[in-house]
Amino acid sequence: MTQAEIKLCSLLLQEHFGEIVEKIGVHLIRTGSQPLRVIAHDTGTSLDQVKKALCVLIQHNLVIYQVHKRGVVEYEAQCSRVLRMLRYPRYIYTTKTLYSDTGELIVEELLLNGKMTMSAVVKKVADRLTETMEDGKTMDYAEVSNTFVRLADTHFVQRCPLVPATENSDPGPPPPAPTLVINEKDMYLVPKLNLIGKGKRRRSSDEDAAGEPKAKRPKHTTDNKEPIPDDGIYWQVNLDRFHQHFRDQAIVSAVANRMDQTSSEIVRTMLRMSEITTPSSAPFTQPLSSNEIFRSLPVGYNISKQVLDQYLTLLADDPLEFVGKSGDSGGGMYVINLHKALTSLATATLESVVQERFGSRCARIFRLVLQKKHLEQKQVEDFAMIPAKEAKDMLYKMLSENFVSLQEIPKTPDHAPSRTFYLYTVNVLSAARMLLHRCYKSIANLIERRQFETKENKRLLEKSQRVEAIIASMQATGAEEAQLQEIEEMITAPERQQLETLKRNVNKLDASEIQVDETIFLLESYIESTMKKQ
Amino acid sequence: MARNNGRGRAAYTFNIETIGFSRGEKLPDVVLKPPPLFPVTDYKPVPLKTREREDYMLALKQELRETMKRMPSFIETPEGKLDIERYSKRYMKVYKEEWIPDWRRLPREMKPRKKCKKDPKSKKAKDTVKGTSLANTADMLKKTEELEKRGDGEKSGEENEEKEGSKEKSEEGDDDGDDDAAEQEEYDDGKQEEENDCINSYFEDGDDFGAGSDDNMDKATY
């Protein structure tokens, strides 16, 4: 893993799980697979803290374990999975658009807790939904279960690998670690649960059975007493399915930008039909006949068959080659070229970066070299119609930033410089990798800056929190307007200003993180698709 | 073969025009230091997208951050003892839900070890305590006195603590089965002992817990 990735992982782990987990996690990412005692020794933390940290990391699917020979269990961190933590808001928001609030909360609970049983999820989500509903209304478990089943059917949540059921005839001692197995067919099988109940609203009067606030909380909650029907069956969020969905969204919006709404709807239909049949890493979808597409168009769309055919022909002839024609049976067989689509999207990202960083003339040169593949210096000046001096300057600037590279073609075996062609070319894969690395660095910088800003104003933030708490409690007990005014004036006007600025800055930094993550997704998908193809 | 040993002007072996500048032209200065840390950008970045989608995700992100800090997965670094123990800290402590991982899914070495006390006397005490029924407090007090006579003041004080602790906890959770009770006690033991390496924060302390046992320790040292 590159240094930039490790730094970013370290910041993410620290923000979400605390410093101890961060130390262990980063150590594992750096050094690869290691057993427990070596980790404790190398990081200098006590054994039980390492155990706690590893439990947390395993629970959240960030670390996996393997039993090696001689019974040693080694732990390995998944760096790419840690980086996914940046995308959690996007996953939750997508579920909200597809399955409304219930689905949103289910995915949020699963992401916050790593793995959960279905009954636990349903109960928690029902409670949370009941909190937000009006007084007197409660959320039924059945509704939440239904949404959960729908999420499982569309593969957005999947079962975690299970502990194999051990037979009692096992002669030897139990293995040091269970080998978790999962059957492909069972991955989305929802257990038959009879969850009857309603969400509980957490009222202040019955906050604790003992009646004392929080001091003597009973150690075992009532849940442990009842046998959980789906004990041992844990569910996790299926990130790959979400990525597939994001990729489809990106392709559809690209087609909509380039052509029109109708063609994007056609492409969306084609993608939806191939969701189940095509694995997510395939270079192109299964061929679909024009008749099938016509039948599967959304109900509101009444375009005639001929218009559909015309659109399909247009899409297939487009130089971007998102859609390709693979045959003539059934009215024309069409495929969506996923790999080509991802390449176009990544290339568009690169072009846009060059334009924003170096100006539109540089972008023209960049696009020219992309199109013509290899160009000499003189040819660049001629084709781009830019004066020689400026063209040279821009090319060298891009060369120094590694967007463009030089290809030597020797005329003679001794590679003499006077008898060698030097051609400028753009290697999209390596430029994408370079840009991805830069994105990781940017997000790390953004997070650091945000933490710095928050730390600088910590005293002020705490003061404002205290004042808010005081005001809230006073309002609850019924206070006069004058008293509230007095309390509010505890924060002076310049301090208020400072708080405003801080809030604005933190929001900006957070929003930037989310949007850089979108670029990261595109570039990573492209790189992954290219690597799988080769 | 260097035929012109520095005599005559240097001749390049290739056409210098192709690089882009002519001979004798003033070249930019050699760079002797690394580029500046915050270079001046000619083109300012494009403003961020601020549609409803982005606003919602922003709010989600900030909420998630706050929520994760309160989850049991967030392990706080133990702070050192401050000079002045502030009164307000007691009430600002965030009470987290307990979380017990599913031990069946984890390697066996992850589980906190049961025998965590190094003191053989206390082991004996544990064994004797395990045997007694938890509801029989008089019995336990008798055993405590016996052990007091055996051990030195501090050790028996600790054992006393554990008796008190297990007594209190047993009152709260007294409808657990025997197995649970045994495990419960062992975890309780771990909680009070600070010297050994038992995990003592999978379960929460009650707020008045430490105060109660302190009193008993005083009594035991007579």
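Residues numbered from 1 in each chain as written. Chains lettered and ligands numbered in written order. Predicted model: local features only at pLDDT ≥ 70, side-chain atom pairs only at ≥ 80, totals over all residues. Heavy atoms only, no water.

Where an unreviewed UniProt entry is consulted, chain B appears under the name DNA-directed RNA polymerase III subunit, with the organism given as Sciurus vulgaris. If you open the UniProt record of chain B and go to Subcellular location (unreviewed entry), you find "Nucleus". Of chain B, the UniProt comment under Sequence similarities (unreviewed entry) reads exactly: "Belongs to the eukaryotic RPC7 RNA polymerase subunit family." (UniProt positions renumbered as here; feature names shortened; annotations may be inferred.)

Labelled according to an unreviewed UniProt entry, chain A appears under the name DNA-directed RNA polymerase III subunit RPC3, originating from Sciurus vulgaris. Looking at chain A in UniProt, the text filed under Sequence similarities (unreviewed entry) is "Belongs to the eukaryotic RPC3/POLR3C RNA polymerase subunit family." The Subcellular location (unreviewed entry) field of the UniProt record for chain A holds the comment "Nucleus".

Undergrad: Pulling in residues and values, what's your account of the overall build of chain B?
TA: The helix and strand inventory of chain B stands at seven helices and zero strands. If you list the helices and strands of chain B from N to C, you get α-α-α-α-α-α-α. For chain B, the residues scored as buried account for 32% of the 222 residues in total. Pairs at least 24 apart in sequence give 59% of the contacts found in chain B among residues at least 6 apart. (Helix = DSSP H or I, 4+ residues; strand = E, 2+ residues; numbered from the N terminus. Buried < 20%, exposed > 50% of the residue type's maximum accessible area, 1.4 Å probe, protein only. Contact = heavy atoms within 4.5 Å.)

Undergrad: Residue-level account of the pairing of strand 9 (residues 333-336) of chain A, with values.
TA: Residues and elements named next belong to chain A. Where burial is concerned, the two faces of strand 9 agree: the one with Met333 and Val335 and the one with Tyr334 and Ile336 are both buried. Inspection of the sheet shows strand 7 (residues 288-289) paired to strand 9 by two bridges, in the antiparallel sense. Across the sheet, the residue bridging to Ser289 is Met333, located in strand 9. With four bridges joining them, strand 8 (residues 323-327) and strand 9 adopt antiparallel strand pairing. Opposite Lys325, over in strand 9, you have Tyr334 as the bridge partner. Here strand 8 folds back onto strand 9, and the loop between the two strands holds five residues, one of which, Gly330, carries a positive phi near 65°. (Pairing = 2+ DSSP bridges.)

Undergrad: Help me get a handle on the nonpolar core, residues and values and all.
TA: Residues and elements named next belong to chain A. Of all hydrophobic cores here, the largest spans 121 residues; its most connected members are Leu8, Leu54, Tyr75, Trp235, Ile365, Phe366 and Met398. When residues in this core are grouped by element, the largest group, 13 residues, is from helix 17 (residues 428-456). Of all hydrophobic cores here, the second largest spans 25 residues; its members include Ile266, Leu288, Val323 and Leu338. (Core = buried A, V, L, I, M, F, W, Y, C linked by side-chain atoms within 4.5 Å.)

Undergrad: How would you explain helix 1 (residues 52-70) of chain B if you had to name every residue and give the values?
TA: Taking 1.5 Å per residue as the helical rise, helix 1 of chain B with its 19 residues ought to reach 27 Å, and the 28 Å between its terminal C-alpha atoms agrees with that figure. Within helix 1 of chain B, the full set of buried residues consists of Glu54(B), Met57(B), Leu58(B), Leu60(B), Lys61(B), Leu64(B), Arg65(B) and Met68(B). For helix 1 of chain B, the arc enclosing every buried residue in end-on projection is 165°, short of the 170-degree limit, so these residues lie on one face. On its buried side, helix 1 of chain B packs onto helix 1 (3-17), helix 6 (88-113), helix 17 and helix 20 (493-533) of chain A. (Expected span 1.5 Å × (residues − 1). Arc of directions from axis to C-beta.)

Undergrad: Can you explain the packing of aromatic side chains? Please cite residues and give values.
TA: Going through the model one piece at a time under the given rule, you end up with 11 aromatic pairs over all chains. Ring geometry for Tyr88(A) versus Tyr91(A): centroids 6.4 Å apart, planes at 45°, classification tilted. Here the residue Tyr88(A) and the residue Tyr91(A) both occupy positions in helix 6, the gap between them amounting to three residues, near one helical turn. An angle of 50° between the planes, with centres 5.5 Å apart, marks the rings of Tyr93(A) and Tyr56(B) as tilted. (Phe/Tyr/Trp six-rings, centres within 6.5 Å; stacked < 30°, edge-to-face > 60°.)

Undergrad: Describe the pairing of strand 12 (residues 420-425) of chain A, with residues and values.
TA: Bridge count between strand 10 (residues 374-375) of chain A and strand 12 of chain A: two bridges; the pairing is antiparallel. In the sheet register, His374(A) faces strand 12 of chain A, and the bridge partner there is Thr425(A).

Undergrad: Break down the sheet that holds strand 12 of chain A for me, with residues and values.
TA: A sheet is described by the order of its strands in space; here three strands give the open sequence 10-12-11 (chain A), paired in antiparallel fashion. This sheet does not close on itself; its edge strands, each paired only once, are strand 10 and strand 11 (405-410) of chain A.

Undergrad: Lay out a negative patch on the surface in plain terms, naming residues and giving numbers.
TA: Judged by side-chain charge, Glu481(A), Glu486(A), Glu488(A) and Glu489(A) come together as a negatively charged surface patch. Residue classification places Glu486(A) among the exposed residues on the basis of a relative accessible area of 59%. (Patch = residues over 30% accessible without salt bridge, like charges linked within 9 Å, V, L, I, M, F, W, Y side chains within 5 Å. Areas by Shrake-Rupley, 256 points an atom, 1.4 Å probe, with all protein chains shown as cover. Salt bridge = Lys/Arg side-chain N within 4 Å of Asp/Glu carboxyl O. Lys, Arg positive; Asp, Glu negative; His and termini not counted. Charge placed at Lys NZ, Arg CZ, Asp CG, Glu CD.)

Undergrad: An account of the packing of helix 1 of chain A against helix 2 (residues 19-31) of chain A is requested, with residue identities and associated values reported.
TA: All names here are of chain A. Two numbers describe how helix 1 lies on helix 2: the axes approach to 8 Å, and their chain directions differ by 155°. Between helix 1 and helix 2, the angle is such that the two are roughly antiparallel. When the axes of helix 1 and helix 2 are compared, the crossing they make is right-handed. Counting all contacts with helix 1, which are made through Gln3, Ile6, Cys9, Ser10, Leu13, Gln14 and Phe17, the residues of helix 2 involved are Glu19, Val21, Glu22, Gly25, Val26, Ile29 and Arg30. Residues that form the contact of helix 1 with helix 2 fall into these classes: seven nonpolar, four polar and three charged. (Axes fitted to C-alpha atoms, helices over the stretch in contact; angles between N-to-C directions. Parallel < 35°, antiparallel > 145°, perpendicular 65-115°, else oblique. Left-handed = near helix turned anticlockwise from the far one by under 90°. Nonpolar A, V, L, I, M, F, W, Y, C, P; charged D, E, K, R; others polar.)

Undergrad: Break down helix 18 (residues 458-477) of chain A for me, citing the residues and quoting the values.
TA: Residue and element names in this part refer to chain A. The first and last C-alpha atoms of helix 18 sit 29 Å apart over 20 residues, in line with the 28 Å expected at 1.5 Å per residue. Of the positions making up helix 18, those classed as buried are Leu460, Lys463, Ser464, Val467, Ile471 and Met474. For helix 18, the angular spread of buried residues about the axis comes to 95°, placing them on one side. Structural note: helix 18 exposes Gln465, Arg466, Glu468, Ala476 and Thr477 on the side pointing more than 90 degrees away from its buried face. Positive phi appears at Gly478, one or two residues downstream of helix 18, with a value of about 80°.

Undergrad: So, the confidence of the model for chain A: which residues are in play, and what are the values?
TA: All names here are of chain A. Residues of chain A with pLDDT of at least 70 account for 89%, and the chain-wide mean is 84. Confidence, read as mean pLDDT per element, is least for helix 19 (residues 481-488) in chain A (77) and greatest for helix 17 (94). Scored below 50 in pLDDT, residues 204-225 makes 23 contacts in the model with residues more than four places away or belonging to other chains. (pLDDT = per-residue confidence, 0-100.)

Undergrad: Break down the sheet that holds strand 3 (residues 73-77) of chain A for me, with residues and values.
TA: Residues and elements named next belong to chain A. The strand order across the open sheet built from three strands is 1-3-2, with neighbouring strands paired in antiparallel fashion. Whereas interior strands pair on both sides, the edge strands pair on one side only; in this sheet they are strand 1 (34-35) and strand 2 (63-67). Set on the sheet, helix 2 makes contact with strand 1, strand 2 and strand 3; between it and strand 3 the angle comes to about 95°. Across the sheet, helix 4 (residues 47-59) touches strand 2 and strand 3, and the angle it forms with strand 2 is around 105°.

Undergrad: Can you lay out the pattern of salt bridges for me, pointing to particular residues and giving the numbers?
TA: Pairs can form between side chains of opposite charge once their charged atoms are near each other. Per the stated rule, a full pass over the model turns up 35 salt bridges over all chains. With its nearest N and O atoms 3.3 Å apart, the salt bridge here joins Arg128(A) to Glu108(A). Pair noted here: Arg128(A) is in helix 7 (residues 118-132) and Glu108(A) is in helix 6, with a separation of 20 residues, a long-range link. In this structure, Glu495(A) engages Lys463(A) in a salt bridge whose closest nitrogen and oxygen atoms are separated by 3.1 Å. Of this pair, Glu495(A) sits in helix 20 while Lys463(A) sits in helix 18, placing them 32 residues apart in sequence. Lys463(A) shares its class with Glu495(A); the two are buried. Connected through shared salt-bridge partners, Glu15(A), Arg450(A), Asp510(A), Glu513(A), Lys61(B) and Arg65(B) make up one network.

Undergrad: Lay out the environment of Met434(A) with the relevant residues and their values.
TA: Residue and element names in this part refer to chain A. By secondary structure assignment, the location of Met434 is in helix 17. Between the C-alpha atom of Met434 and that of Glu356, which follows or precedes it by 78 residues, the distance is 16 Å. Residues within four places of Met434 in sequence aside, it is in contact with Glu401, Asn402 and Phe403.

Undergrad: Any chance you could break down unusual backbone geometry for me, citing the residues and the numbers?
TA: All names here are of chain A. Unlike most non-glycine residues, Glu321 shows phi in positive territory, near 60°. Mapped onto the elements of the fold, Glu321 is located in the loop between helix 12 (305-317) and strand 8. Note on Glu321: relative accessible area 34%, which makes it partly exposed. A positive phi angle, close to 55°, is found at Met385, a residue other than glycine. With respect to the helices, strands and loops of the structure, Met385 is situated in the loop between helix 15 (377-384) and helix 16 (388-400). The exposed category is assigned to Met385, whose relative accessible area is 68%.

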